[in-house]
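Given next are the chains, with one letter for each unit.
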Amino acid sequence: MPDRAPQPVDRTLPTEEARDLIALVREIVQREIAPRAAEEEEAGRFPREVFSLLSESGLLGLPYGSEYGGGDQPYEVYLQVLEELAGARLTVGLGVSVHSLACHALAGYGTKEQRAEHLAAMLGGGLLGAYCLSEPSSGSDAASLRTKAERDGDDWVITGTKAWITHGGIADFYTVLARTGGEGARGISAFLVPGDAEGLSAAAPEKKMGMKGSPTAQLHFDGVRVPDSRRIGDEGQGFAIALSALDSGRLGIAACAIGVAQAALDESLSYATGRRQFGRPIADFQGLRFMLADMATKVEAGRALYLAAARLRDRGLPFSKEAAMAKLFCTDTAMQVATDAVQVLGGYGYTADFPVERLMREAKVLQIVEGTNQIQRMVIARHLAGPESR
Ligand SMILES: Cc1cc2nc3c(=O)[nH]c(=O)nc-3n(C[C@H](O)[C@H](O)[C@H](O)COP(=O)(O)OP(=O)(O)OC[C@H]3O[C@@H](n4cnc5c(N)ncnc54)[C@H](O)[C@@H]3O)c2cc1C
């Protein structure tokens, strides 16, 4: 039996324009991303030129309005673009998702003047964004963050440390959550900080298990001064803005996870139909056939779940619970399917000669970022059963 070459995913897309978009993304993936993914991940190299190309091609502002240079695409289309990118290289797919997350505050809560001044450059002007919520002592409990922004005339002076920032040290702009008032969620405001602001510096990138090409770094704010015109939304509205960004961001993570899972499934099928043991392709053995069937079913279920949540969002309906469910299920699926893929490839799966070991290392981070999967369960349970009593 010959190797079964992976077939492109047969997507349900709402328009001809969306079909063209996916075709363009596949071309960029084939030409610019997939051929260098393994080598550059091993070397820890961030593909800045790929992000410039994506920006020029209109792929960094897809879900935002065209009046500011966005692509006017529904979330169901944008997420499938992310899935395609992440399947080729998570550093790129997740990077686009984080960039989009960083644009969310200004696009959704900025004044007309702020949007006119900054948004077009952010969505399609070649800039790269980052989103700064986490701190060394506040991760899941993000509302306890300590980075301060203090008023000084018409300016704000930001002091503190942000942790785990994707694109930390290389971004052109940072959406930063900082404390402007008292304790808790209501004392937090959002700011748009330029990457070259005086007093802003990045530590050396973290040495991670996977996604080594994506720099993740602590950022130090040492009296970083920004004018009040860079405060987004009202004073004290920052945490609500951050949570709203995360509802959408979680759908991005879910889509990236299905990209990783699909890539692992494709590798497994291709290998299992070519590898022979006991005189037959290993894909003949029911032990593996059932495993492949379970992997494929989970991938399809995950895709259907994130698309269902995206379609709620596209219709302006509440989607927070569904986004948490999609993030939880799709990222657990990515971990399970990538782990199974290593098993399907046997000893070869455990080596860097095949991509499944990288996919397995990459899948793990998706269960942690943008709210761990324990936190997603808390969000879902609150929607189902109301807030916990103390
Ligand atoms: C590669 C990478 C990139 C990242 N990029 C960004 C970024 O761009 N911007 C940003 O702001 N942050 C980013 N993060 C941070 C990420 O969002 C946090 O790591 C995550 O929110 C968890 O926080 P923590 O690591 O402090 O873990 P903790 O909050 O300390 O949690 C530790 C463990 O305790 C569990 N836990 C905590 N509270 C509860 C609870 N109430 N009930 C049950 N279990 C609980 C968690 O689920 C986890 O298993 C990134 C992280 C990584 C690893």
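The following refers to the structure shown. All values reported here derive from a predicted model rather than from experimental measurement.

**Concerning the packing of helix H3 (residues 75-88) against helix H4 (residues 90-109)**
Where H3 meets H4, the axes come as close as 5 Å, and the angle between the chain directions of the two elements is 145°. Residues Tyr78, Leu82, Leu85, Ala86 and Ala88 of H3 form the contact with H4, whose own contacting residues are Leu90, Val92, Gly93, Val96, Ser97 and Ser100. Of the residues that constitute the contact of H3 with H4, the class distribution is eight nonpolar, three polar and no charged.

**Describing the packing of aromatic side chains**
Remark: the centre distance and the inter-plane angle together describe each pair of aromatic rings, the angle taken between the planes. In the structure shown here, the tally under the stated rule is seven aromatic pairs. Between Phe278 and Phe285, the ring centres sit 6.1 Å apart and the planes meet at 85°, which makes this aromatic pair edge-to-face. Among the aromatic side chains, those forming a connected cluster through ring pairs are Tyr271, Tyr348 and Phe354. Looking at Arg313, its charged tip hangs above the ring of Tyr75, at a distance of 3.8 Å from the centre.

**Concerning the environment of Ala323**
Structurally, Ala323 is set in helix H8 (residues 320-344). Owing to a relative accessible area of 0%, Ala323 belongs among the buried residues under this scheme. Residues Ala323 and Ala254, spaced 69 residues apart in sequence, show a C-alpha to C-alpha distance of 8.2 Å.

**Here we look at the site of the ligand**
Close to the ligand lie 17 residues; Tyr131, Ser134, Ser140, Trp164 and Thr372 are nearest. Interatomic distance of 3.0 Å between a backbone N/O atom of Leu133 and an oxygen atom of the ligand. One of the side-chain N or O atoms of Ser140 is found 2.6 Å from an oxygen atom in the ligand. Protein contact buries 65% of the 980 Å² of open area that the ligand shows by itself. Counting residues per element, the ones that place at least two in the shell around the ligand are strand S3 (155-166) and helix H11 (373-385). Considered class by class, the residues forming the shell around the ligand number eight nonpolar, seven polar and two charged.

Definitions and limits used
Here the residue numbering is sequential within each chain, running from 1 through the sequence in written order. Whole-chain, interface and lining totals are the exception, using all residues; otherwise, since this is a predicted model, local features are given only for residues with pLDDT of at least 70 and side-chain atom pairs are given and counted only at 80 or more. Remark: hydrogens and water are excluded; side-chain values derive from all non-hydrogen atoms of the structure. Whenever a helix is involved, its axis is fitted only over the stretch in contact; in every case the axis is a line through C-alpha atoms, and angles between N-to-C directions fall within 0 to 180 degrees. Think of it this way: any DSSP run of H or I at least four residues long counts as a helix, any run of E at least two long counts as a strand, and we number them from the N terminus. Between two residues, a contact is recorded if the distance between any of their heavy atoms is within 4.5 Å. The nonpolar class holds Ala, Val, Leu, Ile, Met, Phe, Trp, Tyr, Cys and Pro. Asp, Glu, Lys and Arg form the charged class, and all remaining residues, Gly among them, are polar. Aromatic pairs are defined between Phe, Tyr and Trp rings, using the six-membered ring for Trp, whenever the two ring centres lie within 6.5 Å; interplanar angles under 30 degrees are classed as stacked, those over 60 as edge-to-face, and all others as tilted. Only lysine NZ and arginine CZ atoms are considered, and such an atom sits over a ring when it is within 6 Å of the ring centre and within 35 degrees of the ring normal. A simple rule labels every residue: compare its accessible area, found with a 1.4 Å probe on the protein chains alone, to the largest value its type can have, and call it buried under 20%, exposed over 50%, or partly exposed in between. We call a residue near a molecule or strand when any one of its heavy atoms sits within 4 Å of it. Pairs of N or O atoms are called polar contacts if they sit within 3.5 Å, as long as, within protein, a hydrogen donor faces a hydrogen acceptor (for residues adjacent in sequence, only side-chain-to-side-chain pairs). Reported accessibility uses the Shrake-Rupley method at a 1.4 Å probe radius. Residues are deemed covered only where the shown protein chains occlude them.

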